[in-house]
Amino acid sequence: MSAGPPPGSELAIVADLSADRGELERRLGETVTVLRRLGIESGVERVGGTQGVADAVTSLGANRVPVVLGDDRSIRAAAAARVSGSDAGAGAGPLIGVLAAHPQVDFVRTFGIPPDQPAFAAERLINAPDFPIDVGKVTYVDDQGEERTSHFVGLLEVGFGGAVLRRESRARIHRTAAFTAFWMTVLTYRPGEVRLIGERREFSANAHDVIVGNTQYGRHGIRLSPRSFPGDGAFDLLIMTGPKSQQVRLLPKMFQGEHVPDGSIQEHRVRRMTIDAERPLAVHADGEYLGRTPVTVELLPEALTLRI
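What counts, and where the lines are drawn
Residues numbered from 1 in each chain as written. Predicted model: local features only at pLDDT ≥ 70, side-chain atom pairs only at ≥ 80, totals over all residues. Heavy atoms only, no water. Salt bridge = Lys/Arg side-chain N within 4 Å of Asp/Glu carboxyl O. Buried < 20%, exposed > 50% of the residue type's maximum accessible area, 1.4 Å probe, protein only. Helix = DSSP H or I, 4+ residues; strand = E, 2+ residues; numbered from the N terminus. Patch = residues over 30% accessible without salt bridge, like charges linked within 9 Å, V, L, I, M, F, W, Y side chains within 5 Å. Areas by Shrake-Rupley, 256 points an atom, 1.4 Å probe, with all protein chains shown as cover. Axes fitted to C-alpha atoms, helices over the stretch in contact; angles between N-to-C directions. Parallel < 35°, antiparallel > 145°, perpendicular 65-115°, else oblique. Left-handed = near helix turned anticlockwise from the far one by under 90°. Contact = heavy atoms within 4.5 Å. Pairing = 2+ DSSP bridges.

A. Focus on the pattern of salt bridges. Summed over the entire model, instances satisfying the criterion amount to 18 salt bridges. For R148, the salt bridge identified is with D142, shortest N-O distance 2.8 Å. On the accessibility criterion, D142 (8% relative accessible area) is buried. Put simply, E267 and R227 hold a salt bridge, and the shortest N to O gap is 2.8 Å. Residue E267 is located in strand β12 (residues 265-270), and its partner R227 is located in the loop between β10 (209-213) and β11 (235-240); the two are separated by 40 residues in the primary sequence. Residue classification places E267 among the partly exposed residues on the basis of a relative accessible area of 33%. Connected through salt bridges with shared partners, the residues E23, R26, R27, E30 and D116 form a single ionic network.

Rendered as structure tokens:
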């Protein structure tokens, strides 16, 4: 495709400044400066938090392309808003841009792009081709007991990983202190029987974590689902059937995606599945704590068009 935004459209940077406003303002300014040097004028929507991202994307007109500057939660919020307002699953989905200009964005790593590079991200945004990606549709139960539906573009976890993110969200701790939530969860988490119903088979086992990967990275730069790519028409499903100490044993390998194959990790390819358990398990998607099981995940092929 030609460089720049599509003909007749305008880039609208949606900048989530909730993490570190001063530092992110600097990155935003650098990004806009590079875009202007390349001859691209863009509007800027400054927001604080994922609801602000969703509201800003929803309010954009049809001829304005949202470009997200934020972390994985911000990207998920923008993608969910964009997909919810389109004919999701019909292919050739609406265009969304992502800037690798945030220090806490892991979504971009799957594409071989380093995070926190404002100038590089701005230049790439103009010159990179657009390509379709799959999106996950997830139905879950929130903390008030209500069934909810949302979408994700990266990685979903049920069980241990969800419990870690739940602890983080409730404590409102900074990302640099995330290890506190991890180790507290190691101490307190109790694995149980998990039931999975897929398109062709059912599976039941004692498991402490279930990973549904559309992209590879989650939980602060850990390469949890190393075989995933969000345009291959399927999720990678990893069922961790070992004891919860497996999280500690395999953690060094997980950063490089070298924890698979492993005899205690079941690997499958799925497009749709339901996950339930003997007791409710916590669920997170793209680093955002959602709620609990039962959860149903469905792949929407090519529901978004991505520029990154």
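B. Structural detail: a nonpolar patch on the surface. A cluster of nonpolar residues, F179, W183 and V248, forms a patch on the protein surface that exposes about 300 Å² of accessible area. Looking at the element boundaries, F179 is found in helix α6 (residues 178-188).

C. How the structure looks around the packing of helix α1 (residues 21-37) against helix α4 (residues 118-127). Closest axis-to-axis distance for the α1/α4 pair is 8 Å, and the angle between their directions is 40°. As the angle between them shows, α1 and α4 are arranged oblique. The handedness of the crossing between α1 and α4 is right-handed. Every residue of α4 that contacts α1 at R27, E30, T31, V34, L35 and R37 is listed here: P118, A119, A122, E123, L125 and I126.

D. Highlighting the environment of I308. Structurally, I308 is set in the segment after β15 (288-307). Of the residues examined, I308 reaches a relative accessible area of 4% and is grouped as buried. Excluding anything up to four places from it in sequence, I308 contacts V98, F107, V108, F111, I113, R124, A128 and F131.

E. Just the packing of helix α2 (residues 50-59) against helix α3 (residues 72-84), in detail. Where α2 contacts α3, the axes come no closer than 8 Å and their chain directions differ by 35°. Taken as a pair, α2 and α3 cross one another with a handedness that is right-handed. Contacts from T50, V53, A54, V57 and T58 of α2 reach α3 at R73, S74, A77, A78, A81 and R82.

F. Spatial organisation of the pairing of β10. Most of β10 is tucked away, with 5 of its 5 residues classed as buried. Every second residue of β10 is oriented toward a common face, with D209, I211 and G213 on one face and V210 and V212 on the other, all of them buried. Bridging between strand β7 (residues 155-159) and β10 involves 5 bridges; their strand directions are antiparallel. Of the residues in β10, the one forming a bridge with L155 is G213. Of the strand pairs in this sheet, β10 and β11 are connected by 5 bridges, and their pairing is antiparallel. The residue bridging I211 from the neighbouring strand is L238, located in β11.

G. Examining unusual backbone geometry more closely. Residue V260 is joined to P261 through a cis peptide bond whose omega torsion reads 0°. Here P261 lies in the loop between α7 (246-254) and β12. The phi dihedral of D116 falls on the positive side, at around 60°, and the residue is not glycine. Locating D116 in the fold gives a position in the loop between β4 (95-98) and α4. Assessed through its relative accessible area of 29%, D116 is described here as partly exposed. Here the phi dihedral of D286 falls at roughly 55°; this positive angle occurs in a residue that is not glycine. The topology assignment puts D286 in the loop between β14 (282-285) and β15.

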